Amino acid sequence: MLEKIVILDFGSQTTQLIARRLRDLNTYCEIFPYNKFPDNDPSVKGVILSGSPFSVNDSEAFKPDLSAIRKKYPILGICYGAQYLAYCSGGKVEKGDSREYGRALLDRVDTADLLMKGISEKMQVWMSHGDTITSVPDTFRIIAETADVKVTAYRIEGEASWGVQFHPEVFHTECGTTILDNFLGICGKQKDWTPASFIETTTQKLKAQLGDDQVILALSGGVDSSVSAVLLNRVIGKNLTCIFVDNGLLRKNEFENVLKDYAQLGLNVKGIDAKSRFYSMLEGVTDPERKRKIIGKGFIDVFEAEARKLTGVKWLAQGTIYPDIIESLSITGTTIKSHHNVGGLPARMNLKLVEPLRMLFKDEVRRVGRELGIPTNLISRHPFPGPGLGVRILGAITPEKVRVLQDADAIFINALRSWNLYDRVWQAATILLPIQSVGVMGDERTYENAVALRAVTSTDAMTADWARLPDDFLAKVSNEIINKVKGVNRVVYDISSKPPATIEWE
């Protein structure tokens, strides 16, 4: 049985980041809503209480009964989690004289404490709280302070419980990884979560789950579906049928190139050319949400029609990953966002669902893909939106606009690769703008399209900054697009970050 750390989510924006940091330490963990602790689970080795947007003094704050887990498991409270532990124990949590946001330096550290092993004074930590712990019971031992926060970190005597009022999971806390690693040592948690171990245990589960049943999978050419397909192919071979739909909104030559890649991987793939069908459905549609729904429904219709041509299919495989699951549930367990990879299609098609990657983050999916021997060009691909170029053509979609965007985008992406910039960028895109501008080419006046280049850096797409690409690179790409792509006479570069902008334009 795979041991795990449980993270109880109180609504913090960085809860996923806690999990990712633990996974980086080769430690399996799962996130649960604050009030959904998995009782009687012998695999649980420790518990982390996340931060929260609430104050413990708010009437609507999440206040679960922790008596069933205290003294039974090691506990680490982070920010709100630390304040709630103190609050439950009879301590006081009050509004601070000033709200603590940003960098702070540790002023005193009890290095003899197990959680603080290897931590020194003047190390930077990241604060993000309006309340502060102003008094604690006699059983609490303060193990770290800053100049402004007396109870920066504490340990509770008589139980294996600790609290920190800063965020060890964020990059700006210099000692964050060490603190989380120390907590894992306290829990006695083995660091056995590796790509190889995941493949081994998942292969065994899939063999037991699927047997000799037939499975279908919708390939997109992206990382998640590709890794899912290769993993399933290793387990069930010819019993897996993959369907790759060309909706006419893929990148230039992507349909043909991806099919070649999949053939080299030994996958049983059926390519479907549905370009004309999608162009017909999208004719004259300009509203971004309508375009998304038409493209989504069109894909389901095509996929379902192809699936019905097969006999004996019992399972639908999807490339669902852990953030899809987390984002589809609120901390109270109610749906707050319907994700394209979560539910819907299996019920309609009367198929059972298999999701081999559902407990992995994106970076873990890539590591598993490398372990499976999938070529780098598939594993390192930038994220690509489900509606494809449909959300990168602002306004109505036509085959000619798709041609213009594909040609311009191919120049941009190929240049990123040739200049060794592709892997330094999280995501890059070309957007066809719904405007035309005056230009001069030779002795002729032109009135043609403008395109915007977009490249961002990020770690998880929750936030993103515009990529500082070299001026000479941008100049070369701009000149090449204008000279080679008929219909474009102006190129601009998007220098907005997320937030306030989004990565995609629609």
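What counts, and at which threshold
- Residues numbered from 1 in each chain as written.
- Predicted model: local features only at pLDDT ≥ 70, side-chain atom pairs only at ≥ 80, totals over all residues.
- Heavy atoms only, no water.
- Phe/Tyr/Trp six-rings, centres within 6.5 Å; stacked < 30°, edge-to-face > 60°.
- Helix = DSSP H or I, 4+ residues; strand = E, 2+ residues; numbered from the N terminus.
- Buried < 20%, exposed > 50% of the residue type's maximum accessible area, 1.4 Å probe, protein only.
- Lys NZ or Arg CZ within 6 Å of the ring centre and 35° of its normal.
- Expected span 1.5 Å × (residues − 1).

Per the stated rule, a full pass over the model turns up 18 aromatic pairs. Considering the side-chain rings of Phe-10 and Tyr-84, the 6.2 Å spacing of their centres and the 50° angle between planes classify their relative orientation as tilted. Taken as a pair, Phe-10 in the loop between strand S1 (4-9) and helix H1 (15-24) and Tyr-84 in helix H2 (residues 80-88) lie far apart in primary sequence, 74 residues in all. With respect to class, Phe-10 is no different from Tyr-84; both count as buried. Consider the rings of Phe-299 and Phe-303, whose centres lie 5.8 Å apart with planes at 20°: the pair is stacked. Of the two residues, Phe-299 and Phe-303 are both situated in helix H8 (residues 288-307); the distance of four residues between them amounts to about one turn of the helix. Each member of the aromatic cluster is reached from another via a ring pair, and the members are Phe-10, Tyr-34, Phe-54, Phe-62, Tyr-80, Tyr-84 and Tyr-87. Over the ring of Tyr-422 we find Arg-417, and its NZ or CZ is 3.9 Å from the ring centre. One Lys or Arg, Arg-468, reaches over the ring of Trp-466 and ends 3.8 Å from the middle of that ring.

What follows covers helix H13 (residues 399-418). Between its first and last C-alpha atoms H13 spans 28 Å; for 20 residues at 1.5 Å apiece the expected length is 28 Å, and the two agree. Downstream of H13 by a residue or two, Asn-420 has a phi angle that is positive, lying close to 60°.

In short, geometric facts, not functional conclusions.
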